Amino acid sequence: MQPKPTVRGLPVYNPGKPIEEVKQQYGLEHVIKLASNENPFGCSSYVLENLLPNAKRMALYPDGAMRELRKSVARHLQVAEEKLIFGNGSDEIVQLISRCYLQAGDNVITADVTFPRYKTNAKIEGAEVIEVPLNNGTHDLLAMAEAVNESTKIIWICNPNNPTGTIVSAEEVTAFMQRIPSSVLIVMDEAYYEYVTASSYPDTQSMLDDYPNLIILRTFSKIYGLAALRVGYGICSPAIISELNRVREPFNVNDFAQRGAQLALQDQSFVQACQRKNSDGLEQLTTAFDRLGLNYFPSQSNFVFVETGVPAPDLFEHLLKQGIIVRMDESWGFPTAIRITVGSEEENQAFLNALEQFLQKRGTISAS
Ligand code: PMP
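Since we're looking at a predicted model, the values are computed, not measured. (Residues numbered from 1 in each chain as written. Predicted model: local features only at pLDDT ≥ 70, side-chain atom pairs only at ≥ 80, totals over all residues. Heavy atoms only, no water.)

**Points about the overall build of the protein chain**
When helices and strands are counted, the protein chain shows 12 helices and 12 strands. Over its C-alpha atoms the protein chain spans a radius of gyration of 21 Å, differing by no more than 12% from the 21 Å that the globule rule assigns to 368 residues. Taking the principal axes of its C-alpha atoms as reference, the protein chain extends roughly 60 × 55 × 55 Å. Classification of the 368 residues of the protein chain by burial places 52% in the buried group. Intrachain contacts of the protein chain at a sequence separation of at least 6 include 74% that bridge at least 24 residues. Accessible area of the protein chain: about 16900 Å², with a carbon and sulfur share of 49%. Counting 32 positive and 43 negative side-chain charges, the protein chain places the centres of these two groups 6 Å from one another. (Helix = DSSP H or I, 4+ residues; strand = E, 2+ residues; numbered from the N terminus. Rg over C-alpha atoms; globule rule 2.2 N^0.38 Å. Buried < 20%, exposed > 50% of the residue type's maximum accessible area, 1.4 Å probe, protein only. Contact = heavy atoms within 4.5 Å. Areas by Shrake-Rupley, 256 points an atom, 1.4 Å probe, with all protein chains shown as cover. Lys, Arg positive; Asp, Glu negative; His and termini not counted. Charge placed at Lys NZ, Arg CZ, Asp CG, Glu CD.)

**Notes on the packing of aromatic side chains**
A full pass over the atoms with the stated rule returns 14 aromatic pairs. Here the aromatic rings of Phe115 and Tyr118 are separated by 5.6 Å at their centres, their planes lie at 70 degrees, and the arrangement is edge-to-face. Note on Phe115: relative accessible area 15%, which makes it buried. Judged by its relative accessible area of 0%, Tyr118 falls in the buried class. (Phe/Tyr/Trp six-rings, centres within 6.5 Å; stacked < 30°, edge-to-face > 60°.)

**Describing helix α12 (residues 345-361)**
The end-to-end C-alpha separation of α12 is 24 Å, in line with the 24 Å expected for 17 residues at 1.5 Å each. Here α12 has its buried residues at Asn348, Phe351, Leu352, Ala354, Leu355, Glu356, Phe358 and Leu359. Elements that come into contact with the buried residues of α12 comprise α10 (268-292), α11 (312-321), β11 (324-325) and β12 (337-341). (Expected span 1.5 Å × (residues − 1).)

**A look at the sheet that holds strand β10 (residues 303-307)**
Spatial ordering of the open sheet is given by β9-β10-β12, a layout of three strands whose pairing is antiparallel. Across the chains shown, the open sheet's two edge strands, defined by having one partner strand only, are β9 (295-296) and β12. One ladder, built from five bridges, connects β10 with β12; its direction is antiparallel. Within β12, the position partnered with Glu307 by the bridge is Ala337. Contacts between α10 and the sheet are confined to β9, β10 and β12, with β10 contributing the most and set at about 10 degrees to the helix. (Pairing = 2+ DSSP bridges. Axes fitted to C-alpha atoms, helices over the stretch in contact; angles between N-to-C directions.)

Here's what the structure looks like:
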């Protein structure tokens, strides 16, 4: 039995190595994972304390309309409830959008390099992917607008971009939106929205009324620290939501996830504290990179893309042996780059020590 042609030969998503696997493989007791842009501070203790009593509801299906969570998110964002759709992670919303709007003969436009699920889902639906190279690690919105043709259905903009951490500004986004035909969907993936500190970052929510072809994606997996629960959401026109609902599974977000996300929203002081600690962590990492003479892209997220000057697989292996998991990916086309998630101060320091040790051993920097 062969899968359908669009699925044959597709790459399987390669997630960051799990902690348990590395512990076993290298006989380590303590492993630090800085590979998947998770929150090193976990989630709010308010969620932990209040989620467990919901276990007794497990015999019942979750609310497929997500009424309570919808109300909470709508209140939090000051957005109409009918402009929200929830998914089993924002991953699922990427899939829903692709499934709903793409077929053979269509194309989508993405940056090269960016989050790989836009491309994979387009291919599954038989659509073509036009990849527009990044300009200095940043989406080249002018070139992306120029790439639009009569078969273009979706443009994916990852802002901040994974893996580079860079953003496109409000000014750039506004100019871009004005050039794109209203028949083309523009998806702004803002998975790292809550980490951004730059004042030039676009307020995409305020653009929704003017651009009914705009979809914004957010998630509870990053700053809210709920990656295991799998909750993401989209904000867009009610017309798009009702189309997406046609392809959504009836109970796609489980009860724990709905309640966890709702509880997490109630502790915004946790979110603010994480944002501050992340900014300090970015400073800690980039100050060290400057001292070591390493180039990196300016990050508005909870990770940094850094050129190490040594082959990424060698460094990756060295760090693993020391119990530190980072991210590298050949498909990025940057053979000496790694992506490092901002950890706690101690985790960042452990990574920096191991990095410096390796660079000294390889002779790319001199001993300090
Ligand atoms: N978009 C981006 C840019 C991401 O980096 C990720 C997670 N790595 C996702 C979407 C998916 O996140 P989730 O499904 O956990 O919401």
